[in-house]
Amino acid sequence: MSSSLVLRRLRARFSHNQATGTVVADPRRPSLFYHLVEPPTPLAPASDVFALSFLSQPPPNAEASAIIGWIPAPFGASSLSPEQLLQRLSWREFRENGECSRSTLSTTGLTPFVAALASFKQVLHKSIYASLRDQKDEFWLSSAKQLQEGWMHIHGESVLAASELGAQPPSTSDQRNPPALGRIGDPDDIIASVLVEKGVVRPETYQPMPSYRVCTADGVLQLTPQLLQDLVEALQRVTEGEQASVNP
């Protein structure tokens, strides 16, 4: 049997929508949604979990790139209010999309299909790179003009002075935990590195930070409004493509 035929059969097996229809918008962050998903999933082979996403529509399958990560669903999750749900979630058990171990994936039977899809982080980095390349984020543009030359960190609306950075690479950093002025952010919060020359961001120098975590003790990743908008649009395009390939 050819590998393409095997992949088509695997896709057919998981082409059904595993989302239960229960979706909860985070009352503290309206752009973040929790989708209740039935097993099997990359996190758990036999129990319901929540898939976190910036898209309000349910993920087309349990391996969709729009899924930021997974967190176990508490008992009776579908009957809880958003506030009650957030209080009962066990964030210590959160797993990023693509982070689950091969043993878990093998147990659920998803390993071949997962490899065929882009991860959330891949879409995140490509989206940020495109935003920088197209000079769409006014905050980035004004910050680069102010800096003029050197490496810089971008923390939402808090920009570290280049003189404080020395030879350190610049970074696109998560807004959830911006460091104090003159300090470099935690490695878990630095999304990527980029260079500024003559007041312009050089997008070709964009390099993802391997240590970046989409969810830490400070919460799920946060971006500037423009970067978030661009990411949501990118996730929507990728999701449409995944739906077309999974359900031809």
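Keep in mind the model is a prediction, meaning the values are calculated, not measured.

J.: I'd like to hear about the pairing of strand S2 (residues 33-37), residue by residue, with values.
T.: Burial analysis of S2 places five of its five residues in the buried class, the great majority of the element. Neither face of S2 is open: one carries Phe-33, His-35 and Val-37, the other Tyr-34 and Leu-36, and all of them are buried. As judged from the five bridges shared by S2 and strand S3 (residues 49-53), these two strands associate in the antiparallel manner. Residue pairing in the sheet places Tyr-34 in a bridge with Leu-52 of S3.

J.: Can you explain the packing of aromatic side chains? Please cite residues and give values.
T.: Counted under the stated rule, the structure contains five aromatic pairs. With 6.4 Å between their ring centres and 70° between their planes, Tyr-34 and Trp-91 make a pair best called edge-to-face. Residue Tyr-34 is found in strand S2, and its partner Trp-91 is found in the loop between helix H2 (82-88) and strand S5 (95-96); the two are separated by 57 residues along the sequence. Note on Trp-91: relative accessible area 29%, which makes it partly exposed. Each member of the aromatic cluster is reached from another via a ring pair, and the members are Tyr-34, Phe-50, Trp-91 and Phe-94.

J.: Help me get a handle on empty space enclosed by the protein, residues and values and all.
T.: Tallying each qualifying case throughout the model produces four cavities of 30 Å³ or more. Taken as a whole, the largest cavity encloses approximately 70 Å³ of empty space. If you go around the largest cavity, the residues you meet are Ser-131, Leu-132, Gln-135, Lys-136, Asp-137, Trp-140, Leu-141, Val-200 and Val-201. If you list the elements that add at least two residues to the lining of the largest cavity, you get helix H5 (120-133), helix H6 (138-147) and strand S11 (200-208). Split into classes, the residues belonging to the lining of the largest cavity amount to five nonpolar, two polar and two charged.

J.: Tell me about the pattern of salt bridges, and please be specific about residues and values.
T.: Taken as a whole, this structure holds seven salt bridges when the rule is applied. Of the charged contacts, one joins Asp-26 and Arg-28 as a salt bridge, the two residues approaching to 3.4 Å between their closest N and O atoms. Judged by relative accessible area, Asp-26 falls into the buried class, the value being 3%. A single salt-bridge network, built from bridges that share partners, covers Glu-96, Lys-121 and Arg-213.

Conventions used here
- Residues numbered from 1 in each chain as written.
- Predicted model: local features only at pLDDT ≥ 70, side-chain atom pairs only at ≥ 80, totals over all residues.
- Heavy atoms only, no water.
- Buried < 20%, exposed > 50% of the residue type's maximum accessible area, 1.4 Å probe, protein only.
- Helix = DSSP H or I, 4+ residues; strand = E, 2+ residues; numbered from the N terminus.
- Pairing = 2+ DSSP bridges.
- Phe/Tyr/Trp six-rings, centres within 6.5 Å; stacked < 30°, edge-to-face > 60°.
- 1 Å grid on protein atoms, 1.4 Å probe; cavity = no way out; pocket = protein on both sides within 12 Å on 5 of 7 lines; lining within 4 Å.
- Points joined across faces, edges and corners; volume = space filled by probe spheres on them.
- Nonpolar A, V, L, I, M, F, W, Y, C, P; charged D, E, K, R; others polar.
- Salt bridge = Lys/Arg side-chain N within 4 Å of Asp/Glu carboxyl O.

By themselves, these figures tell us nothing about what the structure is for.
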